[in-house]
Amino acid sequence: MKLLKEKVMTEGIVLGDQVLKVDSFLNHQMDPVLMREVGSEFKRRFAGEGVTKVLTIESSGIAPAIMTALELGVPMIFARKHKSLTLKEDILVEKVYSFTKRETNEITVSKKFLHPEDRVLIIDDFLANGEAAFGLARIVEQVGASVAGIGIVIEKSFQPGARLLEEAGYRLDSLVRIASLEDGTVTFVEEVH
Ligand code: G4P
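Residues numbered from 1 in each chain as written. Predicted model: local features only at pLDDT ≥ 70, side-chain atom pairs only at ≥ 80, totals over all residues. Heavy atoms only, no water.

A short note on the UniProt feature "binding site: xanthine" (unreviewed entry) in the protein
Stated precisely, the cut-off is as follows: UniProt positions are given in the numbering used here, feature names are shortened, and annotations may be inferred rather than shown by experiment. Using only the protein atoms, space was sampled on a 1 Å grid; points where a 1.4 Å probe fits but cannot get out form cavities, open sets with protein on both sides within 12 Å along at least five of seven lines form pockets, and lining residues are those with an atom within 4 Å of a point. Helix and strand labels come from DSSP, where a helix needs a run of H or I of at least four residues and a strand needs a run of E of at least two; each type is numbered from the N terminus. Whether two residues touch is decided by their heavy atoms; if any such pair falls within 4.5 Å, the residues are in contact. Pairing of N or O atoms within 3.5 Å defines a polar contact, subject to two protein rules: one partner must be a possible hydrogen donor and the other a possible acceptor, and residues neighboring in sequence count only if both atoms are side-chain atoms.
Following the UniProt record, one finds the feature "binding site: xanthine" (unreviewed entry) at Leu20, Asn27 and Lys156. Set against the largest pocket, the annotated residues named above that line it are Leu20, Asn27 and Lys156. By secondary structure assignment, the location of Leu20 is in strand β2 (residues 19–21). Excluding anything up to four places from it in sequence, Leu20 contacts Val8, Gly12, Ile13, Val14, Phe126, Ile154, Ile178, Leu181 and Val186. Here Asn27 shows up in the loop between β2 and α2 (32–46). When near neighbours in sequence (up to four residues on either side) are disregarded, Asn27 contacts Val22, Ser60, Asp125 and Phe126. A polar atom in the side chain of Asn27 sits 3.1 Å from the side chain of Ser60.

Set out below in structure tokens:
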């Protein structure tokens, strides 16, 4: 995705050789024109998968997920990281460990929004170790629904998440893939799309 790559190159800030700060268009301030393009690109890539729901995790996954759901004409659900006051019973819960933050979160989704016949497209902003994506997939599988695919805005291909998700048999499609952040420079994996 040309626009996304340009944004990463012009506005991304490399922190160490593991973390890319993109708070001017994805993680804090969000760029609605870019998010609209992200939604239509995910629609193009997953159009044949029979998707019935889009699932993400709060907070930065919500923007790309809602635009994708709008394009696909299906509802979007976001898993909560913090317990909701009104969400008490009939919840699906999974533990998600964050290597970046060195903490475990319990993520929750209400049972009433996922059904065994659903084909769920998981969308997230970043893929690092894959913990969030695996946690969301386990939520889908808890109810006997199927994972139609996993769409990621920025994949850090030098971390293990992408390989682990593919080895687990999921269809993974990332809009940009970063091979390295070494020496303060973003190096992309060669585009295949
Ligand atoms: P994983 O799910 O792939 O295992 O990733 P990890 O636990 O390492 O990620 C924890 C949080 O850090 C996630 O956001 C993830 O999106 C984010 N993250 C991981 N690598 C990067 C990076 O290089 N740059 C940026 N900007 N974020 C990264 P979160 O805590 O859930 O935040 P939010 O969605 O509430 O914004």
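A closer look at helix α1 (residues 2–11)
The criterion, for reference: Accessibility here uses a 1.4 Å probe with only protein chains present; expressed as a share of the type maximum, an area under 20% marks a residue as buried, one over 50% as exposed, and anything in between as partly exposed. In this description, one arc is meant: the one made by directions from the helix axis to the C-beta atoms.
Every buried residue of α1 is listed here: Leu4, Lys5, Lys7 and Val8. Relative to the axis of α1, the buried residues are bounded by an arc of 160° and lie together on one face. The exposed set on the far side of α1, more than 90 degrees from its buried face, consists of Lys2, Met9 and Thr10. Tucked into the core, α1 has its buried residues touching β2, α2, β8 (146–156), β9 (172–180) and β10 (187–188).

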